[in-house]
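Topology and contacts: notes
One letter stands for each residue in the lines below.
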Amino acid sequence: MLKYVCAYCGKDLRPGGQPGNGVQPISHGICRDCVDQVMVGSGVLFDEFLDTLQAPVFVVDDSARVVTANALGRETVSKDLEQIKGHLGGEVFGCSYHHLPGGCGETLHCKTCTIRNLVMKTYATGEASIREPACLDLDTIVGPRRICFLISTEKAGNAVFLRIDDAQPEECPDAE
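Quantities reported herein were computed from a predicted structural model and do not represent experimental measurements.

Things to note about the pattern of salt bridges
In total, this model carries 4 salt bridges according to the counting rule given. Notably, a salt bridge pairs D137 with R146, separated by 2.9 Å at the nearest N-O pair. Under the relative-accessibility criterion, R146 is labelled partly exposed at 24%. With a shortest N-O distance of 2.4 Å, R163 and D165 are connected by a salt bridge. Residue classification places R163 among the partly exposed residues on the basis of a relative accessible area of 32%.

This is how it looks when you write it as structure tokens:
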């Protein structure tokens, strides 16, 4: 039988494992405590990672506030990070209804907002959504405009990644 020990601290890696007698061959791995110490500084910054994604991505928290967005996401909404960070999705995207009394998430229209509902469902259940149709009425510099999206959501830790897979003006599938 092999003795499984952490290559860094020597801790036994088997759940409830008994220390070996010193005669057994040793197989090395790494324990959870050491992996955090060993990996510090070897990864990519989160924002740099997001920018490697080839679609607009917004990271949303449990209260539907945008935590960050990749460069393509910021370009999609024509806003810099400070105009996005901490704002509700309807404010970030320029939803026509976020100015109504109660604001984003609190109007009658928000109850049927596919984007908001999918993000919050994914947050609550962990269930991802892939290329779901969703339409949004936007206030634009040329006036009100309906944009239809295909969106995907995925939970990661305490946030949801909202990816815009496609966006088309007007011709919306059956979605609200």
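Let us keep going from here.
Concerning the packing of aromatic side chains
The final tally for this structure, using the stated rule, is 3 aromatic pairs. Pairing F46 with F161 gives two aromatic rings, centres 6.0 Å apart and planes at 65°, and the pair type is edge-to-face. Note that F46 is positioned in helix α2 (residues 46-52) and F161 in strand β7 (residues 159-169), a separation of 115 residues in sequence. F161 sits in the buried class, given a relative accessible area of 18%. Over the face of the ring belonging to Y123 we find K155, whose NZ or CZ atom lies 4.3 Å from the ring centre.

Describing the nonpolar core
Counting residues in hydrophobic clusters, the biggest one holds 23 residues, and the most contacted among them are F58, F93, I115, L136, F149, I151 and L162. The set of elements that each furnish at least two residues to this core consists of β3 (57-60), β4 (66-69), α5 (89-93), α6 (114-125), β5 (129-140), β6 (143-156) and β7. Residue contributions to this core peak at 4 residues, all from α6. Among the nonpolar cores identified, the runner-up in size contains 5 residues, and L50, V59, A159 and F161 belong to it.

A look at the environment of T76
Within the element layout of this structure, T76 appears in helix α3 (residues 71-77). Within the structure, the side chain of T76 is placed 2.7 Å from the backbone oxygen of L72, a separation counted as a polar contact.

Some remarks on the environment of D51
Inspection of the secondary structure assignment puts D51 in helix α2. Looking at D51, the relative accessible area reads 38%, which means it is partly exposed. For the pair D51 and A71, spaced 20 residues apart in the sequence, the C-alpha separation amounts to 5.8 Å. When near neighbours in sequence (up to four residues on either side) are disregarded, D51 contacts N70, A71 and R74. A polar atom in the side chain of D51 sits 2.7 Å from the backbone nitrogen of A71.

Analysis parameters
Residues numbered from 1 in each chain as written. Predicted model: local features only at pLDDT ≥ 70, side-chain atom pairs only at ≥ 80, totals over all residues. Heavy atoms only, no water. Salt bridge = Lys/Arg side-chain N within 4 Å of Asp/Glu carboxyl O. Buried < 20%, exposed > 50% of the residue type's maximum accessible area, 1.4 Å probe, protein only. Phe/Tyr/Trp six-rings, centres within 6.5 Å; stacked < 30°, edge-to-face > 60°. Helix = DSSP H or I, 4+ residues; strand = E, 2+ residues; numbered from the N terminus. Lys NZ or Arg CZ within 6 Å of the ring centre and 35° of its normal. Core = buried A, V, L, I, M, F, W, Y, C linked by side-chain atoms within 4.5 Å. Polar contact = N/O pair within 3.5 Å; in protein donor to acceptor, adjacent residues only side chain to side chain. Contact = heavy atoms within 4.5 Å.

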